[in-house]
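Observations on the three-dimensional arrangement
One letter stands for each residue in the lines below.
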Amino acid sequence: MTAITPTATSPTPRDFDAIELSILWSRLISIVDEAGTTLQRTAFSSVTRESADFAVVLMDTQGQSLAQSSVSVPSFLGVLPFLVKALLRDHFPPEQWQPGDVVITNDPWLCAGHKPDIGIVSPIFYGQTPEGHPRLIGFIGCIAHSPDIGGTLWGANARDFYEEGLYIPPMKLFDAGRRNETLFRLIQTNVRAPQQTLGDILAQVAANDQGIRSLLRLMDEYGLTEIDTLGAHIIAASEKAMRDAIRQAPDGTYHAEYEADGDGLNHPVRLKCALTIRGDEIWVDYTGTSPAHPLAINAVLNYVFAYTAYPIKCVFSPEVPNNEGSFRPIHVWAPEGCLLNAQKPAPLGARNVTGNLLYAPVMLALSQAVPERVQADCGAAVWVMVLSGRHDDGREFVEYLFLAGGYGGRKGLPGEPTLCYPTNVANVPVEVFENDAPVLVLEKKLIPGSGGAGQYPGGAGQRFAYQNIGQHPIHISNVTEKIRHQAYGLFGGKTGRRGRLYVLTPQGKRRFTPPKGHDTLLPGETLVMELPGGGGYGAPQATKRYRPATPSAHPQHPQHG
Amino acid sequence: MKLGIDIGGTFTDLVLLDEGSGRMVLGKTLTTYPDPLQGILNGVEQIMHDSGVSLHSIGVIVHGTTLVTNAVIERKGARTALLTTAGFEDVLEIGREMRYDIYDLFLTMPKPLVPRSLRIGLRQRMDKNGRVLTPLDLTEVEQVADRLVRRGVQSVAVSFLHAFANPEHEQAVGDLLRRKYPYVAVSLSSEVLPEIREYERTSATAMNAYVQPLTQDYLRRLRRALTERGFQGEIYIMNSAGRLTTLEGAQRFPIQLLESGPAGGTMAGVFFQRQLTAAGNDVSQLLAFDMGGTTAKASMVRQGQPEITHHFEAARERRFKKGSGLPVRIPVIDMIEIGAGGGSIARLDALGLLTVGPDSAASQPGPACYGRGGQWPTVTDADLVLGFLNEHYFLGGTMPLRRDLAEEAIEKHIARPLGIRVEEAAWGIHRVVNENMANAARVHILEKGLDPRPFTMMAFGGAGPVHAFAVARLLGLSRLIVPGGAGVLSALGFLVSPIATEAIFSHVSRLDRMDWASINSRMAEMEHRGRTFLQEAGVTANQIHVHRVAEMRYAGQGHDITVPLPSGTLSADSLPAITYNFEQEYTLRYGRVLPHMPIESVTWRIVVSGPSPQASLHQQVKGAVSQQAQKGTRPAFFGKTWLEVPVLDRYAMPAEQRFNGPCIIEEFESTTVVGPDAVVWRDSFGNLIIEMS
């Protein structure tokens, strides 16, 4: 029988044939999916729930990822293994873990790049060591977006890290099964909506527990004593598949430069990327990218890795399950202190704005290597708007809105209207929005012709307008993109229409509202948002002449290295 | 007497039941295209002939059809227009703005059933409480209607914002359309699905409008054709929730029929559960497992009731991908479906792993062993190589199988690349597909907070009995039933389904701030409408059962759970009982409650149902093809080695006689595989019962 060579040692090495491996592997994925279902259904946070803004990952004793829940968003790719390795190295060495422990942290440099993302890690024990102690066989962890973490309201405007709420360094939330009441109390008293925030943290703990129970059943059923050996097989198989896929693409260094709104006013950002394919590995170097930005749109390196690896995976091996092996051949670098490798105390709150842009230069670079497998630029990664205020009867509300622009055109397919990439967030239904906040939505419809023309045109963006119909002002936090810039087309496809954002006063006058930042929507005022269209793919067929989409978006010639 | 008629893709099945004597006659005829009515009439003629019964002595006909599903999948519905609140014309196209596959750059979203040019916004607006902010302009409505009719529109869907809170504007548009253009079908969102969330409500309404004209036409012709042949009884239509509706109800809300066929399969579980319980068996929890050529489905029946869900999608872009279809939040039997059937293709993927499905060789070209040019090894090929299937007795010998081709395909694509023997590769295919089905079933049961082990599995479908034993083992079950009459199973289910109607309304409010007077009055009104509907369908008042539930959640959560409501008038005094029920459900699903968090309601539902039809149930057993129960033996592979196992003839098995596994039981439509450490017998109804130790 064929066996895949294990790369790790284990207490009781065991071989797996291709059939057993298929069965056990699919069972591990099923286990993290069960845990993910538990988390998604019990969470209060609307982003965790509706947008699957979470991930559950099963790891071996070294913190190497074996299986990640299938529905999770890209921002968490590779993040939990990074966290667990750091925990083992710098905080809790293997001998310090006990059954019933649960570790919590929201350290942006260890987790997903901003404080609302909370990581919860539980050790898994099974059987005993020769000395008679419970044997640590691995870890399960999950990360999810918290309803609130204190500090200034979420957005792009915090001036530094400290304004962005409570910082929880890696600490035991449960110590051998005992609640850390001090920590619970500290969290409870530092966040808005403490019930919901703590409820979500407990939902994360419960998700880990669910995963552990299912894993232990599997161990019993198949007579496994550890999972490192199985993990080594899984990792090796995924790594090989990823490397095989990369090897198909032509070697070379492909350059791309991409300018984005930044603050949307007079402080744009520039992303520069040199993507090198050599053999079966990919290096992405962001040297030349803008320095850290005064707005809270700075990203940390592990988050940058996730959003760089994601489009690469979509292009090369969308079907390979996520684990340690699928990311080993990908290397990402950005100089320290730049927008993509921010250091304390740079503010990070809206780091998604920047992370969500990375696919654009990466796709542009890849379009030179594998032109048939990429898509043109999308209108919006997603626009986010946070509203807070009071209903007429005095009740407080906080509401998150997510809006999609047009999807980019692809070889053989036009871009869909109103779909995001790389983010994937369901919208809030108009009727739910009007129940949750004192607003009246005046319009939500597609903007015809907003997608870039092309052989496969870009998808349309949308127009969304709502009015404050309450008696109190509504505080709004805007996070938009492509107000100044446009989604690029590829291979002669045209750019998408740019977005617009303004307030209409009750007198019918237009007034400014910051593309990224806070504002107050007075009673009777209307906020109007026009979401950008996606870029087209291939020259429009009616036109014979080849015209590059925009100067900045025109693929540069690859420099073979 | 009662007649069940189920139209499937290939066959139209019929079951005639004499409730008095318990006598049952089964019939099967080819489904006819393009007009399935012809097939029905052929089948009716045949079964009347076989039974010697005349159509006018039949009191009730229960009918299920794939007409509606096919019309949506094939996009063969009416030219339909959609009227919305101005500014929201694109609701169907914008959808929920969510990709159903995050790694596939090349995904496509389902195209709306109504094109942009026929989606018209009207000036009108209500707020969240149903208060009119902008009145409806009937002159504008009339102009729009005239224009649409001139453009050949046959059906109109109307879906205004917050119409679930106040249907007045929709009703006014509906009245105008029905008065002026009585031949144009009209669907109002406040009638089709009066529930909050405009995309889902509009999607269901547009689909209802899209299929309404053809459903009306079909059902009217059915009624007429049967009446002409002497039928004087009632016709009921099977809906997706395992309930019956009247011809009138089906014509008003044809989307209810989307899943009527699969619902019949689960309701057959109710039929057999009742039959076995009557014979003294404990089968209070049943897992209906249906494995056909392309897919496997599993659903639960508990205490005689199927599990119901309201999360359903029609016409998915990708069949097994949640979120890739058009949402229709009607009540449907909660069923998981995965791409695992006899025709599912086995291959080694990019990782070198053995995968099975979800793609299928279907019936054309079919598995390699069909000898119709199929090159890829399938589950059926593996089952043949393992000795589970008999190449000379597939479909009763009407379709010889080619063992050499099955071996060749498995050898070439699986065994040789892995360096293993053909039977080991075949065993691998068998195990992987079983594992896929067991994983899906396990998650399905766990999502309800239930333990799979006490369930009894009922296996049907062509490949179901071949795989059921292994799947049941993986789930830790101890009893398996392979019912008789498997060939007409859905039609059997029709005969035990009650007449019922479900009504809903959305009212989002915290329980502690609930306007109970308004809730009571709306519930009373819905109950009254339900009772009237049932009484018109011939159910007497004292047989009517009312079941009320509300979908609730902790305020702020996005996912609702269904909570039973106490009977009688609700008030603040009902709060402890409702809270208790909520916490019970919540604990069942999530293992904890959140004390002090306020609870809120979203949607209120009321199901008004007639009695479940009772019948003493016997089956006609087909004649045995041999005198001996044991036809012979053949080698079969159960993992490590080949075993010489007995082959039994199902029709010749004496009732109640125990046989030890491993053994293989052959019948016309399928083959039942019984592994080691089990006993099997045929009960007096002709069901196979397998007890596993």
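Residues numbered from 1 in each chain as written. Chains lettered and ligands numbered in written order. Predicted model: local features only at pLDDT ≥ 70, side-chain atom pairs only at ≥ 80, totals over all residues.

With that settled, the discussion passes to the overall build of chain A. Regarding its fold elements, chain A presents 11 helices and 20 strands. Whereas a compact globule of 561 residues would reach a radius of gyration of roughly 24 Å, chain A reaches 24 Å, a difference of no more than 12%. With respect to the three principal axes, the spread of C-alpha positions in chain A is 80 × 60 × 40 Å. Every one of the 561 residues in chain A was classed for burial, and the buried ones make up 62%. By sequence separation, contacts in chain A at least 24 residues apart represent 76% of the contacts at least 6 residues apart. (Helix = DSSP H or I, 4+ residues; strand = E, 2+ residues; numbered from the N terminus. Rg over C-alpha atoms; globule rule 2.2 N^0.38 Å. Buried ≥ 20, exposed ≤ 12 C-beta atoms within 10 Å, placed from the backbone. Contact = placed C-beta atoms within 7 Å.)

Across its full length, chain B carries 16 helices and 35 strands. For chain B, whose C-alpha radius of gyration is 26 Å, the value lies close to the compact-globule estimate of 26 Å for 693 residues. Dimensions of chain B along its principal axes, counting C-alpha atoms only, are 80 × 60 × 55 Å. Counting all 693 residues of chain B, 53% fall into the buried class. For chain B, the proportion of contacts with a sequence separation of at least 24, taken over those separated by at least 6, is 67%.

What follows deals with the interface of chain A and chain B. Contact residues are listed per partner, giving 59 residues for chain A and 52 residues for chain B. Secondary-structure elements contributing two or more residues to the side of chain A that touches chain B are α1 (18–42), α2 (46–50), α5 (194–222), α6 (228–247), α7 (301–316), α11 (430–436) and β14 (439–446) of chain A. No other element matches the 14 residues that α1 of chain A contributes to the side of chain A that touches chain B. Residues of the side of chain A that touches chain B, tallied by class, amount to 27 nonpolar, 18 polar and 14 charged. (Nonpolar A, V, L, I, M, F, W, Y, C, P; charged D, E, K, R; others polar.)

On to the packing of α1 of chain A against α5 of chain A, then. In a packed pair of helices, the relevant descriptors are the angle between the two axes and the axis-to-axis distance. Residues and elements named next belong to chain A. Where α1 meets α5, the axes come as close as 8 Å, and the angle between the chain directions of the two elements is 155 degrees. Our classification of the angle between α1 and α5 gives roughly antiparallel. In this structure, α1 meets α5 at a crossing whose hand is right-handed. In this structure, α1 uses Leu24, Arg27, Ile31, Val32, Glu34, Ala35, Gly36, Thr38, Leu39 and Thr42 to contact α5, whose residues at the interface are Ala203, Gln204, Ala206, Ala207, Asn208, Gln210, Gly211, Ser214, Leu215, Leu218 and Tyr222. Partitioning the contact of α1 with α5 into residue classes produces 11 nonpolar, eight polar and two charged. (Axes fitted to C-alpha atoms, helices over the stretch in contact; angles between N-to-C directions. Parallel < 35°, antiparallel > 145°, perpendicular 65-115°, else oblique. Left-handed = near helix turned anticlockwise from the far one by under 90°.)

Now for the sheet that holds strand β11 (residues 330–333) of chain A. Residue and element names in this part refer to chain A. As summarised here, the arrangement of the four strands in space is β8-β9-β10-β11, forming an open sheet in which the pairing is mixed. Of all the strands in the sheet, just β8 (252–260) and β11 have a single pairing partner and so form its edges. The sheet shows a mean angle of 15 degrees between the axes of neighbouring strands, taken without regard to direction. Two strands pair when backbone bridges link them, and strand β9 (residues 269–278) and strand β10 (residues 281–285) are joined in this way by five bridges, in the antiparallel orientation. Residue pairing across strands places Ile277 opposite Ile282, the latter belonging to β10. Strands in contact with α7 are β10 and β11; relative to β11, the strand with the most contacts, it is inclined by about 135 degrees. (Pairing = 2+ DSSP bridges.)

It is worth spelling out the nonpolar core at this point. Within the largest apolar cluster, 389 residues are counted, with the highest numbers of intra-cluster contacts made by Ile143 of chain A together with Val156, Met207, Ile429 and Leu480 of chain B. Beyond its immediate stretch of four places on either side in the chain, Leu480 of chain B contacts Met457, Ala459, Ala468, Phe469, Ala472, Ile690 and Met692 of chain B. (Core = buried A, V, L, I, M, F, W, Y, C linked by C-beta atoms within 7 Å.)

What follows covers the domain arrangement of chain B. Where interface size is quoted, it is often the accessible area lost as the parts come together. Parsing chain B into structural domains produces domain 1 (2–72 + 217–260), domain 2 (75–215) and domain 3 (500–609). Facing five residues of domain 1 of chain B, the contacting portion of domain 3 of chain B comprises six residues. (Domains from an automatic or database assignment.)

Helix length check: helix α3 (residues 79–91) of chain A (13 residues) gives 17 Å between terminal C-alpha atoms against 18 Å at 1.5 Å per residue, within 8%. Looking at α3 of chain A, one finds that the buried residues are Val79, Leu80, Pro81, Phe82, Leu83, Val84 and Leu87 of chain A. (Expected span 1.5 Å × (residues − 1).)

Let us look at the domain arrangement of chain A. Residue and element names in this part refer to chain A. Domain boundaries in chain A define domain 1 (18–240) and domain 2 (375–549). Look at where the C-alpha atoms of domain 1 and domain 2 centre, and you get two points 34 Å apart. Counting residues at the interface gives 11 residues for domain 1 and 12 residues for domain 2. Per-class residue counts for the side of domain 1 that touches domain 2 are six nonpolar, four polar and one charged.

Once that is clear, we can look at the pairing of strand β2 (residues 11–17) of chain B. Residue and element names in this part refer to chain B. Of all seven residues in β2, six are buried, a share of seventy percent or more. For strand β1 (residues 2–7) and β2, the ladder comprises six bridges, and the chain directions are antiparallel. Opposite Ile5, over in β2, you have Leu14 as the bridge partner. Taken together, β1 and the strand that follows it, β2, pair antiparallel across an intervening segment of three residues. As paired strands, β2 and strand β3 (residues 24–30) are joined by seven bridges and run antiparallel to one another.

With that settled, consider the packing of helix α12 (residues 422–446) of chain B against helix α13 (residues 464–475) of chain B. All names here are of chain B. As a packed pair, α12 and α13 sit with axes 9 Å apart at the nearest point and diverge in direction by 50 degrees. On the basis of their axis angle, the class for α12 and α13 is oblique. Of the two possible hands of crossing, α12 and α13 adopt the one that is right-handed. In this structure, α12 contributes Val433, Asn434, Glu435, Met437, Ala438, Ala441 and Arg442 to the contact, and α13 contributes His467, Ala470, Val471, Leu474 and Leu475. When grouped by side-chain class, the residues that make up the contact of α12 with α13 number eight nonpolar, two polar and two charged.

Pairing between sheet strands relies on hydrogen bonds along the backbone, with the strands arranged either parallel or antiparallel. If you trace the five strands from one edge of the open sheet to the other, you get β14-β15-β20-β17-β18 (chain A), paired in antiparallel fashion. The open sheet has two edge strands, β14 and β18 (510–511) of chain A, and neither has a second partner.

All right, on to unusual backbone geometry then. Cis geometry is adopted by the peptide bond preceding Pro422 of chain A, which originates at Tyr421 of chain A and carries an omega value of 0 degrees. Pro662 of chain B follows Gly661 of chain B through a cis peptide bond whose omega is 0 degrees. Note that Pro662 of chain B resides in the loop between β31 (659–660) and β32 (663–666).

Turning next to helix α1 (residues 36–51) of chain B. All names here are of chain B. Spanning 16 residues, α1 covers 23 Å between terminal C-alpha atoms, matching the ideal 22 Å at 1.5 Å per step. Among all positions of α1, only Ile40, Gly43, Val44, Ile47 and Met48 are buried. Along α1, the residues classed as buried sweep out an arc of 130 degrees about the axis, all on the same side. Close packing links the buried residues of α1 with β1, β2 and β3. Just beyond α1, the residue with positive phi is Gly52, at close to 75 degrees. (Arc of directions from axis to C-beta.)

This part covers the confidence of the model for chain A. Predicted confidence across chain A gives a mean pLDDT of 89, with 93% of residues reaching 70 or more. For residues 543–561 of chain A, every residue scores under 50 in pLDDT, and the model assigns this stretch 38 contacts once sequence neighbours within four places are set aside. (pLDDT = per-residue confidence, 0-100.)

All names here are of chain A. Inspection of the secondary structure assignment puts Lys172 in strand β6 (residues 171–175). Along the backbone, Lys172 and Leu527 are 355 residues apart, and their C-alpha atoms lie at a distance of 44 Å. Contacts of Lys172, omitting those with residues within four sequence positions, involve Asp101, Val102, Val103 and Asn180.

A low pLDDT means the predicted coordinates there should not be read in detail. All names here are of chain B. Scored by pLDDT, chain B has a mean of 91; 98% of the residues are at 70 or more. Considering only residues more than four positions removed or in separate chains, one finds that residues 621–625, a stretch of pLDDT under 50, has 10 contacts. Overall fold confidence for the complex sits at a pTM of 0.90, while the interface term, ipTM, reaches 0.89.

On to the environment of Gly396 of chain B. Residues and elements named next belong to chain B. Tracing the chain through its elements places Gly396 in the loop between α10 (379–385) and α11 (403–418). By C-beta crowding, Gly396 is classed as exposed, having 12 other C-beta atoms within 10 Å. The spatial distance from the C-alpha of Gly396 to the C-alpha of Gln171 is 57 Å, given a sequence separation of 225 residues.

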